Every structure is written in C-alpha cells, then in structure tokens.
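Residues per chain, in single letters:
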Amino acid sequence: MTSPNATSGFFSLCTTKRRHCRRQPSPLAVLQGTLRASRVDLALAAAFALGTLPGAVLLLVTWLPGSPLLGLALLLPGAVAVGGERLSRRPAGPDIHDRQLDHIVAALVAVAALTLVAAGLAAGGSTQRTALVLATPLFAVGLITVLHGTRRLWQLRAAPLLLLLAWPAPWEAALSPVTARVGREATIAVTALVLALLVVLLVVPRRRATAARAAAVPRPRGLALVPREPAPAADAAESVTSTRTAA
C-alpha cells in the first residue's frame, strides 16, 4: 500500500508542475533565455535584425511621409508590440524542439531574403524599394527562429504578417479611388484607425481567452486513503481447515 508521505509528495509535485505550466513567463525570463543562446545564434540574430533595418527605414523616411498611407507606419511598432505580447505567453503550437530544424528554417529564409534583395538591387527603381520592404518580414522570421525556435515562430506569426501588411503598393492600388473622393487627410485618419484596431484585436481577445483557459484548469484534489479491512475470523478459520484437509 502506498504510504501517505509518498502520496502527499506525489500530489505536491503534480501541483507544482501544474502551477509552473500555467505561470506566464516574465519579460526578464524571456530576456534571460534569449541571452543564454550560443554566440553563433546571437551573431545570426544580430545579422537578421540588421537586415530588417533598410526596409523599415525606407518605409518611415522615404515611402510613407507625404503619402495618404502614413498610417501604415503604425504596423512597425505594432509588430514589435504583438511579438512582445506573444513572448509573454506560455509556448504554444506544434511541439517542436529541434535546433537543427530551426537553423534549416533560418537558412532558407535568409537565402530567400538575400535573393530578393539582390534581384531588387539589380533592377533598381521602384523594384529595389519593393524588394527591401518585402525582405523585412523574411528577416524577422529568421530572427525569431534563431532566437526562439520554430515553435515560437508559429506563436509569433502575427508579427511578420503585420510587417508584410506594411507594404504600401497593394494599399495604394486599392485606396487610390477612395483618396480621390474623400481626400488625403480622411484616408490617413481612416487607415490609421483601422490598423490600430487590428493591432489591438491581435492582442486583447487572445489574452482574455488565455486567462479564461487558465481559470478553467481543474485543481488537483487530494487522495483519500481507505485502509484495507482485515478478513473476518470465520473466513480465516475456514481457510485454515481447508488447507489441513487438503494436506
């Protein structure tokens, strides 16, 4: 029979594990986990981070100022905010823990981004500008994969998608008739409002759903130990008599 001490220790361990699983990682814990990466991974992450700068600077300094789509600039800090919020959650998504796969994904993304940038630089003009902007989410994918892995990449997928939405060319084609009718100022205000709402919607409902799921997790209950009742004396005597008769 299991001793009470062993049983209480077992349930104490289960309770500790469940609490640990439900606890959200703090920003300091995420930063410490990032800094514990190898030097090679940190160097690759720095290279990917530098790769995101040309496209971001091009958007904020050259492309968007003076454009009716100035509100698209909100997507850049919005992507950072969404990524930081997703990192504060427990890891979710496919159960992938393979650094070799992480490096393969990062290498494929780096090749795709560098090929895109090289083709844009060779073409020049507006193609060069488009290539640098489209390479920004690819470099962001590589940065996330190197630092946090493929599993976290799936959880943080909204951040690169927001960077992709910051590409102004499709917006210009879609909103040019609207700008001609309502004017530049109205287009800027409506675009900024819609994009800010999009960023908020990516954060708030999921946080509430996560809190609701954490509250719905059943708490472990104690185990009642019922001592085994001894056999009646009559049954014991009958058993002894049967044994002697058989002998």
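Details of the structure are given in the entry above.
Here the residue numbering is sequential within each chain, running from 1 through the sequence in written order. Confidence filtering applies because this is a predicted model: local features only for residues at pLDDT of at least 70, side-chain atom pairs given and counted only at 80 or more, and all residues used for totals across whole chains, interfaces and linings. In computing side-chain values, all of the structure's heavy atoms are included and hydrogens and water are not.

Side note on helix α8 (residues 168-182)
Residues lying three or four places apart along an α-helix face the same way, a consequence of the helix completing one turn every 3.6 residues. Throughout, the bend at a residue refers to the angle made by two axes, fitted to the seven residues ending there and to the seven starting there. Helix and strand definitions here come from DSSP, where helices need a minimum of 4 consecutive H or I residues and strands a minimum of 2 consecutive E residues; each element is numbered from the N-terminal end. Of all the bends in α8, the greatest, near 50°, is centred on L175, and the proline P177 appears no more than four residues after it. Residue G183 follows α8 closely and has a positive phi angle near 100°.

Some points on the side chain of R89
With respect to the helices and strands, R89 occurs in the loop between α4 (75-87) and α5 (99-123). What makes R89 buried here is its relative accessible area of 7%. A distance of 3.0 Å separates the side chain of R89 from the side chain of E85, its partner in a polar contact. Exposed residues in this analysis have more than 50% of their type's maximum accessible area, buried residues have under 20%, and partly exposed residues fall in between, with area computed by a 1.4 Å probe over protein chains only. A 3.5 Å cut-off defines polar contacts: any pair of N or O atoms within that distance qualifies, except that in protein one atom must be a possible hydrogen donor and the other a possible acceptor, and neighbouring residues in sequence count only when both atoms are side-chain atoms.

Observations regarding the environment of A186
Along the chain, A186 turns up in helix α9 (residues 184-216). A sequence separation of 118 residues divides A186 from P68, and the C-alpha atoms of the two residues are 8.5 Å apart.

Some points on the pattern of salt bridges
Side-chain pairing between opposite charges can occur once the charged atoms of the two side chains come close. Each salt bridge in this description consists of a side-chain nitrogen of Lys or Arg and a carboxyl oxygen of Asp or Glu lying within 4 Å of one another. Per the stated rule, a full pass over the model turns up four salt bridges. Notably, a salt bridge pairs D41 with R99, separated by 2.9 Å at the nearest N-O pair. Residue D41 is located in helix α3 (residues 39-63), and its partner R99 is located in helix α5; the two are separated by 58 residues in the primary sequence. Using a relative accessible area of 8% as the deciding quantity, one classes D41 as buried. Classification of R99 by relative accessible area gives partly exposed; the value is 33%. In this structure, E85 and R89 form a salt bridge, with 3.0 Å as the shortest nitrogen-oxygen distance. Taken as a pair, E85 and R89 share a single burial class, namely buried.

Some details on the environment of P94
Structurally, the position occupied by P94 is in the loop between α4 and α5. Separated by 56 residues in the primary sequence, P94 and T150 place their C-alpha atoms 8.5 Å from one another. By the convention used here, residues are in contact when the closest approach between their heavy atoms is within 4.5 Å. When residues no more than four places from it in sequence are discounted, the contact partners of P94 are R151 and W154.

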